[in-house]
Amino acid sequence: MALRLFNTLGREKQEFVPIGKKEVRMYSCGPTVYNYLHIGNLRSYVFADVLKRTLMYSGYKVKHIMNITDVGHLTSDADEGDDKMVKALKREGKPMTIAAMREIANTYYEKARIDMQKLEILSADEYPFATDHIKEMVAMIEVLLEKNAAYKTADSIYFDTKSIPDYGKLAKVKANDEHSRIGVNSEKKNLEDFALWKFADAGGIGFEASFGRGFPGWHIECSAMAEKYLGVPFDIHTGGIDHIPVHHNNEIAQTEAATGKLLANYWLHNAHLTIGEEKMAKSGEFLTLSVLEKEGISPLAYRYWLLTARYSTRMDYSLEAIKAAQTAYEKLVNFILSAQKTTFWAKLKPKRLPSGFYREKFLEAINDDLDTPKALALVWELLKDGSLPDTDKKATLLDFDKVLGLGLADIKKLEIPEEIQNLLDERKIARNSKDWVKSDELRKEIEKLGFAVKDSDSGSELRPL
Ligand code: AMP
Ligand code: ZN
(Lines give C-alpha, C1' and ligand atoms only; values in the text may rest on other atoms or scores of the structure.)
(Ligands and ions follow the chains in the order given, each with its own letter.)
Protein backbone atom coordinates (compact mmCIF):
# COMPACT_ATOMS: atom_id res chain seq x y z
CA MET A 1 0.00 0.00 0.00
CA ALA A 2 1.54 3.25 -1.14
CA LEU A 3 2.14 6.14 1.22
CA ARG A 4 0.25 9.24 0.19
CA LEU A 5 1.09 12.65 1.63
CA PHE A 6 -0.42 16.10 1.19
CA ASN A 7 2.27 18.08 -0.59
CA THR A 8 1.90 21.83 -0.15
CA LEU A 9 3.92 22.10 -3.34
CA GLY A 10 1.10 21.17 -5.68
CA ARG A 11 -1.57 21.40 -2.96
CA GLU A 12 -2.72 17.80 -3.29
CA LYS A 13 -2.27 14.35 -1.82
CA GLN A 14 0.47 12.62 -3.77
CA GLU A 15 2.02 9.20 -3.72
CA PHE A 16 5.37 9.43 -1.95
CA VAL A 17 8.22 8.39 -4.21
CA PRO A 18 11.63 8.85 -2.59
CA ILE A 19 14.73 9.86 -4.54
CA GLY A 20 16.77 6.95 -3.19
CA LYS A 21 15.49 3.40 -2.98
CA LYS A 22 16.11 2.76 0.69
CA GLU A 23 16.88 6.10 2.32
CA VAL A 24 14.62 9.11 2.78
CA ARG A 25 16.24 12.47 3.44
CA MET A 26 14.16 14.79 5.56
CA TYR A 27 14.64 18.29 7.03
CA SER A 28 12.53 19.87 9.76
CA CYS A 29 12.62 23.54 10.66
CA GLY A 30 13.70 23.46 14.28
CA PRO A 31 13.25 25.85 17.16
CA THR A 32 14.52 29.36 17.62
CA VAL A 33 16.25 28.80 20.93
CA TYR A 34 15.53 32.08 22.71
CA ASN A 35 12.93 30.65 25.06
CA TYR A 36 11.30 27.40 26.16
CA LEU A 37 9.46 25.38 23.54
CA HIS A 38 5.72 25.73 23.85
CA ILE A 39 3.38 22.82 23.32
CA GLY A 40 2.51 24.22 19.86
CA ASN A 41 6.14 23.90 18.75
CA LEU A 42 6.07 20.39 20.14
CA ARG A 43 3.04 19.61 17.99
CA SER A 44 5.23 20.37 14.98
CA TYR A 45 7.94 17.95 16.13
CA VAL A 46 5.50 15.19 17.09
CA PHE A 47 4.05 15.46 13.58
CA ALA A 48 7.52 15.20 11.99
CA ASP A 49 8.23 12.25 14.28
CA VAL A 50 5.07 10.37 13.25
CA LEU A 51 6.01 10.96 9.62
CA LYS A 52 9.54 9.70 10.22
CA ARG A 53 8.29 6.65 12.12
CA THR A 54 5.79 5.91 9.32
CA LEU A 55 8.64 5.92 6.81
CA MET A 56 10.72 3.67 9.06
CA TYR A 57 7.74 1.35 9.53
CA SER A 58 7.63 0.99 5.74
CA GLY A 59 11.27 -0.08 5.78
CA TYR A 60 13.05 3.16 4.87
CA LYS A 61 16.11 4.42 6.61
CA VAL A 62 15.53 8.10 7.38
CA LYS A 63 18.26 10.71 7.47
CA HIS A 64 16.74 13.51 9.50
CA ILE A 65 18.15 16.97 10.13
CA MET A 66 16.65 19.56 12.45
CA ASN A 67 18.26 23.00 12.50
CA ILE A 68 18.67 25.08 15.63
CA THR A 69 18.10 28.78 14.97
CA ASP A 70 20.39 30.78 17.22
CA VAL A 71 20.68 33.91 15.08
CA GLY A 72 18.77 35.98 12.55
CA HIS A 73 15.14 35.13 13.32
CA LEU A 74 13.39 38.46 13.61
CA THR A 75 10.20 38.91 15.61
CA SER A 76 8.40 39.21 12.29
CA ASP A 77 8.93 36.76 9.43
CA ALA A 78 8.89 39.72 7.09
CA ASP A 79 12.24 41.35 7.80
CA GLU A 80 11.26 43.70 10.58
CA GLY A 81 11.44 43.82 14.36
CA ASP A 82 14.25 42.69 16.66
CA ASP A 83 16.36 39.60 16.37
CA LYS A 84 14.76 37.10 18.77
CA MET A 85 18.14 36.11 20.23
CA VAL A 86 19.04 39.76 20.87
CA LYS A 87 15.68 40.15 22.59
CA ALA A 88 16.56 37.19 24.83
CA LEU A 89 19.94 38.76 25.74
CA LYS A 90 18.12 41.91 26.86
CA ARG A 91 15.44 39.92 28.73
CA GLU A 92 18.02 37.89 30.65
CA GLY A 93 20.31 40.87 31.34
CA LYS A 94 23.23 39.27 29.48
CA PRO A 95 26.01 41.17 27.70
CA MET A 96 25.55 41.87 23.99
CA THR A 97 28.14 39.34 22.82
CA ILE A 98 28.15 36.36 20.47
CA ALA A 99 29.35 34.17 23.36
CA ALA A 100 26.41 35.18 25.59
CA MET A 101 24.03 34.56 22.70
CA ARG A 102 25.42 31.05 22.35
CA GLU A 103 25.02 30.46 26.07
CA ILE A 104 21.31 31.27 25.82
CA ALA A 105 21.01 29.09 22.74
CA ASN A 106 22.67 26.14 24.48
CA THR A 107 20.42 26.47 27.52
CA TYR A 108 17.16 26.44 25.56
CA TYR A 109 18.45 23.81 23.15
CA GLU A 110 19.08 21.44 26.08
CA LYS A 111 15.62 22.13 27.46
CA ALA A 112 14.07 21.54 24.05
CA ARG A 113 15.82 18.19 23.69
CA ILE A 114 14.55 17.07 27.10
CA ASP A 115 10.96 17.92 26.11
CA MET A 116 11.37 16.05 22.84
CA GLN A 117 12.70 13.00 24.66
CA LYS A 118 9.79 13.06 27.07
CA LEU A 119 7.50 12.91 24.04
CA GLU A 120 9.36 9.90 22.59
CA ILE A 121 10.45 11.99 19.58
CA LEU A 122 13.26 10.09 17.90
CA SER A 123 16.53 12.01 17.76
CA ALA A 124 17.47 13.63 14.48
CA ASP A 125 20.80 12.62 12.95
CA GLU A 126 22.11 16.16 13.45
CA TYR A 127 20.94 19.36 15.13
CA PRO A 128 23.11 21.94 13.36
CA PHE A 129 23.29 25.37 15.00
CA ALA A 130 23.07 28.32 12.60
CA THR A 131 26.03 30.15 14.14
CA ASP A 132 28.24 27.12 13.42
CA HIS A 133 27.43 27.47 9.72
CA ILE A 134 28.10 31.12 8.96
CA LYS A 135 30.79 30.05 6.47
CA GLU A 136 28.27 28.02 4.43
CA MET A 137 25.73 30.85 4.49
CA VAL A 138 28.32 33.42 3.44
CA ALA A 139 29.41 31.15 0.57
CA MET A 140 25.81 30.79 -0.59
CA ILE A 141 25.24 34.57 -0.47
CA GLU A 142 28.46 35.05 -2.47
CA VAL A 143 27.08 32.74 -5.16
CA LEU A 144 23.78 34.62 -5.17
CA LEU A 145 25.61 37.95 -5.54
CA GLU A 146 27.72 36.52 -8.36
CA LYS A 147 24.60 35.30 -10.15
CA ASN A 148 22.90 38.68 -9.74
CA ALA A 149 20.19 37.07 -7.64
CA ALA A 150 21.17 39.32 -4.73
CA TYR A 151 22.08 42.99 -4.32
CA LYS A 152 23.59 45.22 -1.70
CA THR A 153 21.88 48.18 -0.04
CA ALA A 154 23.10 50.45 2.75
CA ASP A 155 21.97 48.12 5.55
CA SER A 156 21.51 44.66 4.00
CA ILE A 157 22.03 42.23 1.19
CA TYR A 158 18.69 41.40 -0.36
CA PHE A 159 17.55 38.49 -2.44
CA ASP A 160 16.04 39.62 -5.74
CA THR A 161 12.78 37.67 -6.00
CA LYS A 162 12.49 38.56 -9.70
CA SER A 163 15.73 36.66 -10.39
CA ILE A 164 13.80 33.39 -10.58
CA PRO A 165 10.76 32.84 -12.79
CA ASP A 166 8.19 31.87 -10.18
CA TYR A 167 8.91 33.22 -6.72
CA GLY A 168 6.29 32.02 -4.19
CA LYS A 169 5.94 28.41 -5.32
CA LEU A 170 4.23 27.20 -2.15
CA ALA A 171 1.69 29.96 -1.85
CA LYS A 172 1.33 33.05 -3.91
CA VAL A 173 2.20 36.03 -1.78
CA LYS A 174 -0.15 38.92 -2.45
CA ALA A 175 0.63 42.54 -1.72
CA ASN A 176 -1.66 42.50 1.30
CA ASP A 177 -0.03 39.36 2.72
CA GLU A 178 2.96 39.00 5.06
CA HIS A 179 5.31 40.97 2.85
CA SER A 180 3.33 44.17 2.88
CA ARG A 181 4.23 44.45 6.55
CA ILE A 182 7.83 45.08 5.50
CA GLY A 183 6.81 48.59 4.56
CA VAL A 184 8.28 50.63 1.74
CA ASN A 185 12.04 50.50 1.53
CA SER A 186 13.27 52.74 -1.28
CA GLU A 187 16.41 50.67 -1.74
CA LYS A 188 14.55 47.43 -2.34
CA LYS A 189 13.88 46.44 -5.92
CA ASN A 190 10.70 44.46 -5.25
CA LEU A 191 8.27 44.36 -2.37
CA GLU A 192 8.88 40.63 -1.76
CA ASP A 193 12.70 40.88 -1.69
CA PHE A 194 14.07 39.72 1.64
CA ALA A 195 17.30 40.12 3.57
CA LEU A 196 20.01 37.48 3.24
CA TRP A 197 22.37 39.45 5.46
CA LYS A 198 22.03 42.49 7.71
CA PHE A 199 25.09 44.63 8.27
CA ALA A 200 26.18 45.16 11.86
CA ASP A 201 26.08 48.64 13.37
CA ALA A 202 29.49 50.20 13.84
CA GLY A 203 30.92 48.72 17.04
CA GLY A 204 28.02 46.26 17.32
CA ILE A 205 28.33 42.49 17.29
CA GLY A 206 28.38 40.56 14.04
CA PHE A 207 30.12 37.90 11.94
CA GLU A 208 32.83 38.58 9.38
CA ALA A 209 31.98 38.21 5.69
CA SER A 210 33.59 39.26 2.39
CA PHE A 211 30.66 41.60 1.74
CA GLY A 212 30.66 43.21 5.21
CA ARG A 213 30.37 42.24 8.89
CA GLY A 214 26.87 41.41 10.07
CA PHE A 215 24.22 38.75 10.66
CA PRO A 216 22.62 36.21 8.36
CA GLY A 217 18.89 36.38 7.71
CA TRP A 218 16.84 33.49 9.06
CA HIS A 219 15.90 31.90 5.71
CA ILE A 220 19.44 31.46 4.36
CA GLU A 221 20.31 29.29 7.35
CA CYS A 222 17.93 26.51 6.32
CA SER A 223 18.94 26.57 2.63
CA ALA A 224 22.65 26.42 3.49
CA MET A 225 22.42 23.75 6.20
CA ALA A 226 19.93 21.55 4.35
CA GLU A 227 22.24 21.54 1.33
CA LYS A 228 25.27 20.75 3.46
CA TYR A 229 23.73 17.83 5.34
CA LEU A 230 21.27 16.40 2.82
CA GLY A 231 22.24 17.64 -0.64
CA VAL A 232 19.57 19.06 -2.97
CA PRO A 233 16.99 18.13 -3.86
CA PHE A 234 16.16 16.04 -0.82
CA ASP A 235 12.87 14.25 -0.16
CA ILE A 236 10.80 15.90 2.56
CA HIS A 237 10.78 19.29 4.26
CA THR A 238 8.51 19.86 7.27
CA GLY A 239 7.40 22.82 9.35
CA GLY A 240 4.32 24.61 10.66
CA ILE A 241 1.87 26.28 8.27
CA ASP A 242 3.09 29.70 9.41
CA HIS A 243 6.27 28.97 7.43
CA ILE A 244 4.54 28.54 4.08
CA PRO A 245 4.16 32.11 2.81
CA VAL A 246 7.56 33.55 3.74
CA HIS A 247 10.18 31.26 5.25
CA HIS A 248 9.69 28.24 3.00
CA ASN A 249 9.02 30.23 -0.17
CA ASN A 250 12.28 32.03 0.53
CA GLU A 251 14.22 28.84 1.24
CA ILE A 252 13.05 27.45 -2.10
CA ALA A 253 13.90 30.67 -3.97
CA GLN A 254 17.44 30.97 -2.58
CA THR A 255 18.34 27.36 -3.33
CA GLU A 256 16.85 27.51 -6.78
CA ALA A 257 18.76 30.68 -7.66
CA ALA A 258 22.04 29.34 -6.24
CA THR A 259 21.92 25.73 -7.48
CA GLY A 260 19.24 25.61 -10.20
CA LYS A 261 17.58 22.83 -8.20
CA LEU A 262 14.44 22.41 -6.17
CA LEU A 263 15.23 22.30 -2.44
CA ALA A 264 12.87 19.42 -1.58
CA ASN A 265 10.26 17.37 -3.42
CA TYR A 266 7.61 17.12 -0.69
CA TRP A 267 6.63 19.97 1.62
CA LEU A 268 4.52 18.99 4.61
CA HIS A 269 3.03 21.43 7.06
CA ASN A 270 1.31 20.93 10.38
CA ALA A 271 -1.66 23.05 11.38
CA HIS A 272 -1.40 25.11 14.53
CA LEU A 273 -2.19 24.50 18.11
CA THR A 274 -4.29 27.47 19.13
CA ILE A 275 -5.26 28.78 22.52
CA GLY A 276 -8.55 30.66 22.69
CA GLU A 277 -8.58 30.34 18.87
CA GLU A 278 -5.27 32.28 18.60
CA LYS A 279 -2.03 30.64 17.42
CA MET A 280 0.07 29.68 20.43
CA ALA A 281 3.25 31.74 20.13
CA LYS A 282 6.29 32.38 22.27
CA SER A 283 5.49 36.09 22.20
CA GLY A 284 1.94 35.64 23.54
CA GLU A 285 0.19 33.31 25.96
CA PHE A 286 1.96 29.98 25.82
CA LEU A 287 2.13 26.71 27.70
CA THR A 288 5.13 24.48 28.15
CA LEU A 289 5.26 20.75 28.69
CA SER A 290 6.25 21.28 32.32
CA VAL A 291 3.14 23.40 32.90
CA LEU A 292 1.11 20.43 31.67
CA GLU A 293 3.11 18.11 33.92
CA LYS A 294 2.30 20.34 36.90
CA GLU A 295 -1.37 19.85 35.99
CA GLY A 296 -0.78 16.11 36.32
CA ILE A 297 -0.63 15.46 32.57
CA SER A 298 2.06 13.06 31.45
CA PRO A 299 3.92 14.09 28.26
CA LEU A 300 2.84 10.93 26.48
CA ALA A 301 -0.80 11.66 27.28
CA TYR A 302 -0.25 14.99 25.50
CA ARG A 303 1.23 13.08 22.57
CA TYR A 304 -1.85 10.81 22.59
CA TRP A 305 -4.08 13.90 22.49
CA LEU A 306 -2.16 15.27 19.51
CA LEU A 307 -2.69 11.98 17.66
CA THR A 308 -6.46 12.24 18.09
CA ALA A 309 -6.44 14.84 15.28
CA ARG A 310 -4.71 14.73 11.92
CA TYR A 311 -1.56 16.86 11.79
CA SER A 312 -3.22 19.08 9.21
CA THR A 313 -6.22 19.95 11.40
CA ARG A 314 -6.08 22.90 13.78
CA MET A 315 -6.38 21.95 17.45
CA ASP A 316 -7.55 24.30 20.16
CA TYR A 317 -5.96 23.76 23.56
CA SER A 318 -8.34 22.29 26.13
CA LEU A 319 -7.13 20.90 29.43
CA GLU A 320 -10.36 18.87 29.69
CA ALA A 321 -9.73 17.23 26.32
CA ILE A 322 -6.12 16.47 27.27
CA LYS A 323 -7.27 14.97 30.56
CA ALA A 324 -9.69 12.74 28.66
CA ALA A 325 -6.77 11.71 26.43
CA GLN A 326 -4.79 10.88 29.55
CA THR A 327 -7.58 8.56 30.74
CA ALA A 328 -7.54 6.80 27.37
CA TYR A 329 -3.75 6.59 27.40
CA GLU A 330 -3.75 5.11 30.90
CA LYS A 331 -6.17 2.44 29.69
CA LEU A 332 -3.61 1.46 27.04
CA VAL A 333 -0.86 1.37 29.66
CA ASN A 334 -3.01 -0.79 31.93
CA PHE A 335 -3.78 -3.12 29.09
CA ILE A 336 -0.06 -3.57 28.40
CA LEU A 337 0.53 -4.27 32.09
CA SER A 338 -2.34 -6.72 32.43
CA ALA A 339 -1.42 -8.55 29.23
CA GLN A 340 2.06 -9.33 30.54
CA LYS A 341 1.36 -12.99 31.16
CA THR A 342 0.76 -15.45 28.39
CA THR A 343 -2.74 -16.80 28.77
CA PHE A 344 -3.52 -20.51 28.62
CA TRP A 345 -5.46 -19.91 25.39
CA ALA A 346 -2.62 -18.00 23.75
CA LYS A 347 -0.21 -20.81 24.56
CA LEU A 348 -2.34 -23.17 22.50
CA LYS A 349 -2.44 -20.92 19.43
CA PRO A 350 0.53 -20.19 17.21
CA LYS A 351 1.67 -16.59 17.72
CA ARG A 352 0.43 -14.28 15.00
CA LEU A 353 2.75 -11.29 14.94
CA PRO A 354 1.06 -8.93 14.29
CA SER A 355 -2.50 -9.79 13.46
CA GLY A 356 -2.75 -9.44 9.65
CA PHE A 357 -6.17 -7.82 9.44
CA TYR A 358 -5.36 -5.06 11.90
CA ARG A 359 -1.93 -4.43 10.44
CA GLU A 360 -3.46 -3.94 7.00
CA LYS A 361 -6.04 -1.52 8.37
CA PHE A 362 -3.37 0.30 10.34
CA LEU A 363 -1.19 0.75 7.26
CA GLU A 364 -4.21 1.98 5.34
CA ALA A 365 -4.79 4.67 7.98
CA ILE A 366 -1.24 5.95 8.42
CA ASN A 367 -0.44 5.70 4.71
CA ASP A 368 -3.39 7.94 4.03
CA ASP A 369 -1.56 11.17 4.89
CA LEU A 370 -0.90 10.04 8.48
CA ASP A 371 -4.49 9.50 9.59
CA THR A 372 -3.65 9.04 13.27
CA PRO A 373 -7.26 9.47 14.54
CA LYS A 374 -8.23 6.48 12.41
CA ALA A 375 -5.19 4.54 13.64
CA LEU A 376 -6.19 5.20 17.26
CA ALA A 377 -9.78 4.15 16.59
CA LEU A 378 -8.35 0.90 15.23
CA VAL A 379 -6.32 0.41 18.41
CA TRP A 380 -9.55 0.46 20.45
CA GLU A 381 -11.26 -1.86 17.99
CA LEU A 382 -8.34 -4.25 18.42
CA LEU A 383 -8.50 -4.11 22.20
CA LYS A 384 -12.22 -4.86 22.15
CA ASP A 385 -11.86 -7.78 19.74
CA GLY A 386 -13.06 -10.86 21.63
CA SER A 387 -11.61 -13.25 19.06
CA LEU A 388 -7.97 -12.43 19.80
CA PRO A 389 -5.98 -13.45 22.87
CA ASP A 390 -4.47 -10.60 24.88
CA THR A 391 -0.92 -11.53 24.00
CA ASP A 392 -1.69 -11.17 20.29
CA LYS A 393 -3.37 -7.87 20.93
CA LYS A 394 -0.40 -6.70 22.93
CA ALA A 395 2.06 -7.73 20.21
CA THR A 396 -0.04 -5.92 17.59
CA LEU A 397 -0.36 -2.84 19.75
CA LEU A 398 3.40 -2.73 20.35
CA ASP A 399 3.92 -3.06 16.61
CA PHE A 400 1.61 -0.07 15.95
CA ASP A 401 3.41 1.85 18.66
CA LYS A 402 6.52 1.92 16.46
CA VAL A 403 4.56 4.61 14.58
CA LEU A 404 2.41 6.09 17.35
CA GLY A 405 5.40 6.49 19.66
CA LEU A 406 3.50 6.22 22.94
CA GLY A 407 6.36 4.49 24.69
CA LEU A 408 4.30 1.34 25.28
CA ALA A 409 7.24 -1.03 24.82
CA ASP A 410 8.98 0.54 27.81
CA ILE A 411 6.11 0.17 30.23
CA LYS A 412 6.89 -2.12 33.09
CA LYS A 413 5.17 -2.66 36.40
CA LEU A 414 6.48 -0.07 38.79
CA GLU A 415 8.82 -1.68 41.30
CA ILE A 416 8.29 0.19 44.55
CA PRO A 417 11.39 0.19 46.79
CA GLU A 418 10.70 -1.00 50.33
CA GLU A 419 11.72 2.32 51.88
CA ILE A 420 9.09 4.11 49.79
CA GLN A 421 6.43 1.50 50.46
CA ASN A 422 6.98 2.09 54.20
CA LEU A 423 6.57 5.83 53.76
CA LEU A 424 3.44 5.25 51.69
CA ASP A 425 1.97 3.00 54.41
CA GLU A 426 2.78 5.59 57.05
CA ARG A 427 1.16 8.26 54.90
CA LYS A 428 -1.97 6.17 54.47
CA ILE A 429 -2.33 5.99 58.24
CA ALA A 430 -1.81 9.77 58.51
CA ARG A 431 -4.44 10.41 55.82
CA ASN A 432 -6.93 8.06 57.48
CA SER A 433 -6.58 10.05 60.68
CA LYS A 434 -6.81 13.30 58.67
CA ASP A 435 -3.32 14.39 59.73
CA TRP A 436 -2.74 16.49 56.61
CA VAL A 437 0.45 18.11 57.89
CA LYS A 438 2.13 14.76 58.37
CA SER A 439 0.70 13.47 55.10
CA ASP A 440 2.24 16.47 53.28
CA GLU A 441 5.60 15.98 54.99
CA LEU A 442 5.64 12.34 53.92
CA ARG A 443 4.71 13.30 50.35
CA LYS A 444 7.74 15.62 50.24
CA GLU A 445 9.96 12.87 51.58
CA ILE A 446 8.74 10.49 48.90
CA GLU A 447 9.31 13.18 46.25
CA LYS A 448 12.89 13.58 47.44
CA LEU A 449 13.33 9.88 46.73
CA GLY A 450 12.17 10.38 43.15
CA PHE A 451 8.44 9.59 43.14
CA ALA A 452 5.35 11.79 42.83
CA VAL A 453 2.23 10.80 44.72
CA LYS A 454 -1.19 11.35 43.20
CA ASP A 455 -4.18 10.97 45.49
CA SER A 456 -7.61 10.02 44.25
CA ASP A 457 -10.80 8.53 45.70
CA SER A 458 -9.48 5.05 45.08
CA GLY A 459 -6.17 5.63 46.91
CA SER A 460 -2.70 6.98 46.18
CA GLU A 461 -0.68 6.28 43.05
CA LEU A 462 3.06 6.60 42.52
CA ARG A 463 4.75 8.03 39.43
CA PRO A 464 8.53 8.21 38.99
CA LEU A 465 9.68 11.84 38.68
P1 AMP B 1 9.84 28.69 16.03
O2 AMP B 1 10.63 28.29 17.24
O3 AMP B 1 8.86 29.79 16.24
O4 AMP B 1 10.74 28.94 14.84
O5 AMP B 1 8.92 27.43 15.63
C6 AMP B 1 9.38 26.12 15.54
C7 AMP B 1 8.36 25.26 14.82
O8 AMP B 1 7.11 25.23 15.53
C9 AMP B 1 8.02 25.75 13.42
O10 AMP B 1 7.89 24.64 12.54
C11 AMP B 1 6.68 26.44 13.59
O12 AMP B 1 5.94 26.46 12.40
C13 AMP B 1 6.03 25.56 14.64
N14 AMP B 1 4.99 26.25 15.41
C15 AMP B 1 5.07 27.47 16.01
N16 AMP B 1 3.94 27.77 16.67
C17 AMP B 1 3.10 26.70 16.50
C18 AMP B 1 1.77 26.40 16.94
N19 AMP B 1 1.08 27.24 17.71
N20 AMP B 1 1.24 25.21 16.59
C21 AMP B 1 1.93 24.33 15.83
N22 AMP B 1 3.18 24.56 15.37
C23 AMP B 1 3.77 25.72 15.69
ZN1 ZN C 1 13.63 26.62 8.13
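See the structure above.
Overview of the structure. Per chain, residue numbering runs from 1 following the sequence as it is written. Written order decides the labels, with chains lettered from A and ligands numbered from 1. Residue-level local features of this predicted model are given only where pLDDT is at least 70; pairs of side-chain atoms are given and counted only at 80 or more, and the full residue set underlies all totals for whole chains, interfaces and linings. Working from all heavy atoms in the structure, the side-chain values ignore hydrogens and water.

## Description of the site of ligand 1
Argument step 1. Around ligand 1 sit 21 residues, and of these Gly240, Asp242, Leu273, Met280 and Lys282 come closest.
Argument step 2. Counting of polar contacts relies on pairs of N or O atoms within 3.5 Å, with two restrictions inside protein: one atom must be capable of donating a hydrogen and the other of accepting it, and residues adjacent in sequence are counted only when both atoms are side-chain atoms. Measuring from a nitrogen atom of ligand 1, one finds a side-chain N or O atom of Asn270 at 3.2 Å.
Argument step 3. Contact distances for ligand 1 include 2.8 Å between a nitrogen atom and a backbone N or O atom of Met280.
Argument step 4. Its free accessible area being 490 Å², ligand 1 has 97% of it covered by the protein chains.
Argument step 5. Helix and strand definitions follow DSSP, with helices as H or I runs of at least four residues and strands as E runs of at least two, each counted in order from the N terminus. Looking at the shell around ligand 1, the elements with two or more residues in it are α1 (39-57) and β9 (234-240).
Argument step 6. Ranked by residue count, the leading element in the shell around ligand 1 is α1, at four residues. Think of it this way: one heavy atom of a residue within 4 Å of a molecule or strand is enough to make that residue near it. Residue burial considers only the protein chains on display, and all accessible areas are found by Shrake-Rupley using a 1.4 Å probe.

## Considering the coordination of the zinc ion (ligand 2)
Argument step 1. Within the protein, Cys29 (SG), Cys222 (SG), His247 (NE2) and Glu251 (OE) serve as the donor atoms for the zinc ion (ligand 2), at 2.1 to 2.5 Å.
Argument step 2. Given four donor atoms and angles of 73 to 136° at the metal, the environment of the zinc ion (ligand 2) is assigned as irregular.
Argument step 3. A 2.8 Å cut-off from the metal defines N, O and S donors, relaxed to 3.2 Å for Na, K and Ca; water is not in the atom list, so some sites may appear incomplete. Mapped onto the sequence, the donors of the zinc ion (ligand 2) take the spacing C-x192-C-x24-H-x3-E. Note that Cys29 is positioned in the loop between β3 (23-28) and α1 and Glu251 in helix α6 (residues 244-259), a separation of 222 residues in sequence.
Argument step 4. For every residue, the accessible area obtained with a 1.4 Å probe (protein chains only) is divided by the maximum for its type, and the residue is called buried under 20%, exposed over 50%, and partly exposed between those limits. Overall, Glu251 belongs to the buried group, its relative accessible area being 0%. In this scheme the shape depends on donor count and angles: four donors with every angle between 85 and 135 degrees give tetrahedral, four or six donors with opposite pairs above 155 degrees and others between 65 and 115 give square planar or octahedral in turn, and any other case is irregular.

## A closer look at the pairing of strand β10 (residues 264-270)
Argument step 1. Counting buried residues in β10 gives six out of seven residues, a clear majority hidden from the surface.
Argument step 2. The pairing criterion is simple: DSSP has to find at least two bridges between the two strands. Sheet analysis places β9 next to β10, joined by six bridges and oriented parallel. Residue pairing across strands places Gly239 opposite His269, the latter belonging to β10.
Argument step 3. For the crossover that starts at β9, traverses α6 and ends in the parallel β10, the hand is right-handed. Clockwise travel from the first strand over the helix to the second, with the strands pointing away from the viewer, marks a crossover as right-handed.

## Side note on the packing of helix α4 (residues 134-146) against helix α5 (residues 218-230)
Argument step 1. Here, axes are lines fitted to C-alpha atoms. For helices the fit covers the stretch in contact, and angles between N-to-C directions go from 0 to 180 degrees. Two elements in contact, α4 and α5, have axes separated by 9 Å at closest approach and are oriented at 105°. Considering their axes alone, α4 and α5 lie roughly perpendicular with respect to each other. In this structure, α4 uses Glu136, Met137, Met140, Ile141 and Leu144 to contact α5, whose residues at the interface are Ile220, Glu221, Ser223, Ala224, Glu227 and Lys228.
Argument step 2. Three categories are distinguished: nonpolar for Ala, Val, Leu, Ile, Met, Phe, Trp, Tyr, Cys and Pro, charged for Asp, Glu, Lys and Arg, and polar for the others, with Gly belonging to the last. Taken together, the residues of the contact of α4 with α5 sort by class into six nonpolar, one polar and four charged. When an angle is under 35 degrees it counts as roughly parallel; over 145 it counts as roughly antiparallel; between 65 and 115 it counts as roughly perpendicular; any other value is oblique. In this description, contact between two residues means that some pair of their heavy atoms is separated by no more than 4.5 Å.

## Quick notes on the sheet that holds β10
By way of backbone hydrogen bonds, the strands of a sheet pair with one another, either parallel or antiparallel.
Argument step 1. Read from one edge of the open sheet, four strands run β4-β3-β9-β10, paired in parallel fashion. Each end of this open sheet is capped by a strand with a single partner; those strands are β4 (61-66) and β10. The average angle at which neighbouring strand axes cross in this sheet is 20°, direction not considered.
Argument step 2. Those strands touched by α1 are β3, β4, β9 and β10, and its axis lies near 155° from that of β9.

## Points about the nonpolar core
Argument step 1. Counting residues in each nonpolar core, the largest one holds 119 residues, and the members touching the most others are Trp197 and Tyr302.
Argument step 2. Of all the elements, helix α9 (residues 319-338) adds the most residues to this core, at ten residues.
Argument step 3. Take the buried Ala, Val, Leu, Ile, Met, Phe, Trp, Tyr and Cys residues and link them wherever side-chain atoms come within 4.5 Å; each set so joined is a nonpolar core. Listed in part, the 15 residues of the second largest apolar core include Leu5, Ala48, Leu51 and Leu55.

## Comments concerning unusual backbone geometry
Argument step 1. A cis amide bond, omega -10°, links Val232 with the succeeding residue Pro233.
Argument step 2. Unlike most non-glycine residues, Arg11 shows phi in positive territory, near 50°.
Argument step 3. With respect to the secondary-structure elements, Arg11 resides in the loop between β1 (4-7) and β2 (12-15).
Argument step 4. Looking at Arg11, the relative accessible area reads 45%, which means it is partly exposed.

Functional significance is not addressed by these values, which are geometric in nature.
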